[in-house]
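# Working through the structure, step by step
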Amino acid sequence: MENKLSSKQLLRNLLISARDPFASDSKIKDIQNILSSSSSFEGVNHLILVKTYLNPTMFPFIVSKEEAFEQVELALKEHNYVAYYYQYLLYRKEKNIKKARISLNAAASYYVEEALLEIARLKKEGEIYEKNIDSAISYYKEACKLNSRDGYYYLQLLYNELGQEDKAKEVYNEAKEKGIQLLGTVN
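Residues numbered from 1 in each chain as written. Predicted model: local features only at pLDDT ≥ 70, side-chain atom pairs only at ≥ 80, totals over all residues. Heavy atoms only, no water.

## So, the layout of surface pockets
- Taken as a whole, the largest pocket holds about 160 Å³ of empty space.
- Take the lining of the largest pocket: its biggest share by element is 4 residues, from helix H10 (residues 165–177).
- Looking at the lining of the largest pocket residue by residue, the classes come out as 5 nonpolar, no polar and 5 charged. (1 Å grid on protein atoms, 1.4 Å probe; cavity = no way out; pocket = protein on both sides within 12 Å on 5 of 7 lines; lining within 4 Å. Points joined across faces, edges and corners; volume = space filled by probe spheres on them. Helix = DSSP H or I, 4+ residues; strand = E, 2+ residues; numbered from the N terminus. Nonpolar A, V, L, I, M, F, W, Y, C, P; charged D, E, K, R; others polar.)

## Re the nonpolar core
- Ranked by internal contacts, the top residues of the largest apolar core, which has 56 residues, are Leu 35, Phe 61 and Leu 104.
- Once residues within four sequence positions are removed from consideration, Leu 104 is found in contact with Tyr 85, Tyr 88, Ala 115, Glu 118, Ile 119, Leu 122 and Tyr 129. (Core = buried A, V, L, I, M, F, W, Y, C linked by side-chain atoms within 4.5 Å. Buried < 20%, exposed > 50% of the residue type's maximum accessible area, 1.4 Å probe, protein only. Contact = heavy atoms within 4.5 Å.)

## So, the packing of helix H3 (residues 44–54) against helix H5 (residues 83–93)
- Following both chains from N to C, one finds H3 and H5 inclined at 20°, their axes separated by 11 Å at the closest point. By the criterion of interaxial angle, the relationship of H3 to H5 is roughly parallel. Considering how the two elements wind past one another, H3 and H5 form a crossing that is left-handed. Counting all contacts with H3, which are made through Leu 47, Val 50, Lys 51, Tyr 53 and Leu 54, the residues of H5 involved are Ala 83, Tyr 86, Leu 89, Leu 90 and Lys 93.
- A per-class count over the contact of H3 with H5 returns 8 nonpolar, no polar and 2 charged. (Axes fitted to C-alpha atoms, helices over the stretch in contact; angles between N-to-C directions. Parallel < 35°, antiparallel > 145°, perpendicular 65-115°, else oblique. Left-handed = near helix turned anticlockwise from the far one by under 90°.)

Here it is, written out as structure tokens:
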């Protein structure tokens, strides 16, 4: 008797089929219809379509701006809170900074790694948010709590930029203890 495929495996197979160079237009359209309407993939399917809108070369699907926003809402209804980060990206693309910030804050409140890293970067640069290095550090630290390699890397880099080599070394060593290999060296 064959094992039943998990929803993750099913989704993977659909995406592989869509990328097949010999897939017909109707097959690609059928796959896109499944992705846009199914509630079996915990919202990941909807976010794949949003990613396709943001990066049209990613998959052979055609997604309009309106569809991308609808897909974010569907993912949120399925309690996939990473969707707030994608909503941020959509609003950012539309240059709606106020709504972008609200969505990014919502994603960070659910400890979405990408959102924590983005807020840290934006606060460090003074973009969208007021420049605040201490706040940037705290967001990088939150990402580190998720064992984020990028969180450790950028926190270490920031401490080096601030001339706080001892703290940079602490970050490097903490990451190393957790089995996270960081690029570069620490003085």
